[in-house]
Each structure stands twice: as structure tokens, then as C-alpha cells.
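# Observations on chain architecture
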Amino acid sequence: MMTPIRLTCITARQAEDPSYLRHVAGSGCTGVVPEYEQQWGQIHPAPDTWNWQPTDTIVQRATAIGLTVEGHCLVWGAPDYPDLMPAWVTRGSWTRDALLATLQDHITRIVHRYADRIHTWRVVNEAFDDTGARRDFVLQQVIGDDWIEHAFRYAHAADPTATLLYNEYGIEWGALGGGNHKYDAVLAMVRDFTDRGVPVHGIGLQCHLDLQYPSLPDEHDFPAVVESFRDLGLRVQTTELDIRVDRSAAEPSTLLRNQGLVTALVCRTIDAHPGGSVCVWGLSDDTNWLGAAAAAAPYDERGRPKPMADALAPATPGRQPADRAVR
Ligand code: XIL
């Protein structure tokens, strides 16, 4: 059995807090991912403005205590959120060549700056909608379908040794039927990429889940999804795990146990393959992006481990038993 690899997202402010970093390390995580500091609108808000400081802080503080850092994300296929894709890009008047040059410059500078510290990148994030169509936004409109493969080629040219992922939500199910058009579209794209030698090395299954989803990962379909990407020679990572619970729906202890069981299924499936890792999108309920009421994270608001934490790190010494956390 390989040692399971666990990561969490982190903000620059959290990275500046030694007690938070101890919490990260104590949870069994060996790596971190900037939560939003590398979104295009954050790191490159104007054509000649680069906001490196927040990512620099994360990289310095994390690597100083031996944590790895993965990059997130070079390009987000998102329409009109200025943080994700700033107005100077979305509202610019572009030729295809000019926008490709801008895309290349954006990717190259970021990858070069962190090439000695960041060895895995989520290159493109969320480029498909639920129907399996490409999201309609400036890169898609001006460049066309091949903007994604260009992004991967630029990242590869900037650091030929880096592991490059396509990252997406809602593709954790559908290998055994059920009509998940987004899963079908992503699988077809990466099959085409691997056939043609476009440098994609892995898939990030975000795994933003909800205990009420009918499509929650199950013991047959989820491994089949993972296998379908593994068959193409890709690594499969869970990149943003969180699991919402609806606290009004059942006994809290039952919900938290179920949250732990889904986590365990995700972990044992991902851990079974080389290069697999599980990243949680926020360690505790009070810092998770969905808000404390969603109770989607492995630790509660007071930092106490829930069953989800045990499922993530079954063998971490020194942690309190999860049953203390059952409310
Ligand atoms: C979220 C962050 O957690 C928030 O802090 C930010 O404001 C918005 O983005 N998919 C992703 C993540 O790939 O980057 C998102 O993170 C959650 C959805």
C-alpha cells in the first residue's frame, strides 16, 4: 500500500499563521494549494500588473516546513467573474493571435516563476458546462476549441517536467451510464489529447459533493470513472473535496458518519493508483468556502476532527478520535 497523499487549499493569510500551518501538518496533509491567489484576476489583474506576493507567501511558508505546493489554476474557463478572468481580458478587443500570445505570456510567467517549487499545475479549470458544451467566454469565442490544448502546450513548454492536470467538477460519476454529458465531454477531450500527444498528465476530480446528491460517488461507478481516465495513462487526483450535509435532514451523527463513509470511498479509490492524491477544499467548517452551515469539511468550527478527518488520515498519530466531534 502506498502512503496516501493529502493536501488542503490554503490562503496567504492562513499561511502566515504558524498555528494554522501546524494544524495543516497535524491533519496529515503534506501539501497545499493556493485557494484563490492564482486566479487570473488575482495574480494578473492588469496587463502589466502581477500580484505575486500572496502566492510567494504561500510558497515560502509552506515549503519552509516541508509542505509541497500545487498550482491552481492557470486558466479558468469562467465567464464574468473578475477575480477569475479580469475585465482587461474579457472586455478587450482581441485577434486570435493576440489573445494566444497573452495566454502564453500569462501561463509562461507564472510557471517560470514557481518552476523550482511547484511541480503540479491545474492548468485549465471548469471549461465545460453540464450539457458537455464548452463554456462560452472570451478564450472560447476568440480562439476556439483549441484554446485548451494551447494552454497545456504553453505550460509544458514553460516547465517540461511539470505534471499538468485538467480540473473539473461534476465528473465524478457517469462511467456506468446515467447520462453525464460533462463527464463524456471531458473524457473525449483528454482521449483526443493523449491520442495526439497534447501534454496532459492527469485529471482533477474536484469532488465538491453533497450528501443529498443522487450522483454521490458509489462503489461501482466512482472506481469506473477513475479507471476510464487511468486507461488513458492519466493520473487521477481528487482536487477539491468537500461534502455538504443538510443538518435538518437526519441525526447529526448519522450525517457525519455518512460524510466519513463517502470520504473513505473516495480515498480508497484514489489511493489505489500511483500518482493519486486527495486534496480537501478547506480543513474546517468555518474556513470552507461553502460556509459553516454546510459542514462540508473534515474538522468542525472548533478544529475538532469529524469522521471525515479519520477517513482522510486513518493512521495519523496524535489526533483525537473522531467520535469526540459528533454533535
Ligand atoms: C473557490 C474559493 O474557495 C473561494 O475562496 C473563491 O472565492 C472562489 O473559488 N472550484 C474551484 C475552486 O476550482 O477554485 C473554487 O474555490 C471552488 C470551485
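I will try to describe carefully the structure that is included in this document. Each chain has its residues counted from 1, running along the sequence as written. A pLDDT threshold of at least 70 governs which residues receive local features in this predicted model, and a stricter bar of 80 or more applies before side-chain atom pairs are shown or counted, although totals over entire chains, interfaces and linings include all residues. Computation of side-chain values: all heavy atoms of the structure, hydrogens and water removed.

### Focus on the packing of helix α10 (residues 221-230) against helix α11 (residues 252-271)
At a closest axis distance of 10 Å, the pairing of α10 and α11 adopts a crossing angle of 30 degrees. Comparing the axis directions of α10 and α11 gives the class roughly parallel. The way α10 lies across α11 gives a crossing that is right-handed. For the pair α10 and α11, contact is made by F222, P223 and V226 and by L265, V266, T269 and I270, respectively. For this scheme, ten residues count as nonpolar: Ala, Val, Leu, Ile, Met, Phe, Trp, Tyr, Cys and Pro. Four count as charged, namely Asp, Glu, Lys and Arg, and the remainder, Gly too, count as polar. Looking at the contact of α10 with α11 residue by residue, the class counts come to six nonpolar, one polar and no charged. Axis geometry follows a simple rule: fit a line to the C-alpha atoms, using only the stretch in contact for helices, then measure angles between N-to-C directions, giving values from 0 to 180 degrees. The numbering of helices and of strands both runs from the N terminus, where a helix is a DSSP run of H or I of at least 4 residues and a strand a run of E of at least 2. Oblique is the label for any angle not under 35 degrees, not over 145, and not in the 65 to 115 range, which are roughly parallel, roughly antiparallel and roughly perpendicular in turn. By definition, any crossing whose near helix is turned counterclockwise from its far helix by less than a right angle is left-handed, and any crossing with a clockwise turn is right-handed. It only takes one pair of heavy atoms within 4.5 Å for two residues to be counted as in contact.

### Some remarks on the environment of F229
Along the chain, F229 turns up in helix α10. On a C-alpha basis, the gap between F229 and Q104 in space is 27 Å, while along the polypeptide they are 125 residues apart.

### Here's the deal with the site of the ligand
Around the ligand, a shell composed of E35, Y36, Q39, H72, W76, N125, E126, Q206, H208, E240, W281 and W289 is seen. Within the contact set of the ligand, a nitrogen atom lies 2.8 Å away from a side-chain nitrogen or oxygen of E126. In the environment of the ligand, an oxygen atom lies 2.9 Å from a nitrogen or oxygen atom belonging to the side chain of W281. For the ligand, whose free accessible area comes to 410 Å², the fraction covered by protein is 79%. For the shell around the ligand, a count of residues per class yields four nonpolar, five polar and three charged. Nearness of a residue to a molecule or strand requires only that one of the residue's heavy atoms be within 4 Å of it. We call two N or O atoms a polar contact when they sit within 3.5 Å, provided that within protein one can donate a hydrogen and the other can accept it, with sequence-adjacent residues counted only if both atoms are side-chain atoms. A 1.4 Å probe and the Shrake-Rupley method give the accessible areas. Residues count as covered only by the protein chains that appear here.

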